[in-house]
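What follows is the residue order along each chain.
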Amino acid sequence: MIAEIIESAVWGSGLVEDVIYKGNIVKAIVEIGGADSAKKNFFRGATINDSIKDEASFSFLESDVPTFKSGETIIYNGETWYIDRMLFRDTMAKSITLAASRKNKGFARGHGI
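Residues numbered from 1 in each chain as written. Predicted model: local features only at pLDDT ≥ 70, side-chain atom pairs only at ≥ 80, totals over all residues. Heavy atoms only, no water.

**Re the pairing of strand 7 (residues 95–102)**
(1) Moving on: Burial of strand 7 is extensive: eight of the eight residues sit out of reach of the surface.
(2) Moving on: Across the two faces of strand 7 the burial is the same, with Ser-95, Thr-97, Ala-99 and Ser-101 and Ile-96, Leu-98, Ala-100 and Arg-102 all buried.
(3) Moving on: Where strand 6 (residues 79–90) meets strand 7, seven bridges bridge the pair, whose relative direction is antiparallel. Looking across to strand 7, one finds that Arg-85 is bridged to Ala-99.
(4) Moving on: Taken together, strand 6 and the strand that follows it, strand 7, pair antiparallel across an intervening segment of four residues, in which Lys-94 is found at a positive phi of about 55 degrees. (Buried < 20%, exposed > 50% of the residue type's maximum accessible area, 1.4 Å probe, protein only. Helix = DSSP H or I, 4+ residues; strand = E, 2+ residues; numbered from the N terminus. Pairing = 2+ DSSP bridges.)

**Description of the side chain of Ser-57**
(1) Moving on: Mapping Ser-57 onto the fold places it in strand 4 (residues 47–61).
(2) Moving on: According to the relative accessible area criterion, Ser-57 is buried, its value standing at 13%.
(3) Moving on: For Ser-57, the residues in contact, after removing those within four places along its chain, are Ile-29, Val-30, Glu-31, Leu-87, Thr-97 and Leu-98. (Contact = heavy atoms within 4.5 Å.)

**Here we look at the packing of aromatic side chains**
(1) Moving on: Counted under the stated rule, the structure contains three aromatic pairs.
(2) Moving on: Considering the side-chain rings of Tyr-21 and Phe-60, the 6.2 Å spacing of their centres and the 40 degrees angle between planes classify their relative orientation as tilted. You can see Tyr-21 sitting in strand 1 (residues 17–21) and its partner Phe-60 sitting in strand 4, a full 39 residues away along the chain.
(3) Moving on: By relative accessible area, which is 3% here, Tyr-21 ends up buried.
(4) Moving on: Under the relative-accessibility criterion, Phe-60 is labelled buried at 0%.
(5) Moving on: Seen in terms of ring centroids, Phe-58 and Trp-81 are 6.1 Å apart; in terms of plane orientation they differ by 65 degrees. Their pairing is edge-to-face. Note that Phe-58 is positioned in strand 4 and Trp-81 in strand 6, a separation of 23 residues in sequence. (Phe/Tyr/Trp six-rings, centres within 6.5 Å; stacked < 30°, edge-to-face > 60°.)

As structure tokens, then:
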């Protein structure tokens, strides 16, 4: 009962946006976060802050994303995001939130720059 109320109230609202996951258009609540940054030291002590990666979270109904793997892609507004991990699962609302990133760079280069 509660899951149906939440599904109707949240997933039928203006909070959701279309994304592409595994070639299918699915509804998601998208939160684009700030980029992690690192201070880089350069010649003669000059430093700059450089973006390590862009981060986002994507919340889905579990039924839209029954299985997922790190490294799979989500297309949002024409940009490719790579799934990093599950942030949390809400068993009452039957939803899942995945952490994703793009433009990963650093010592262990990630998915495309």
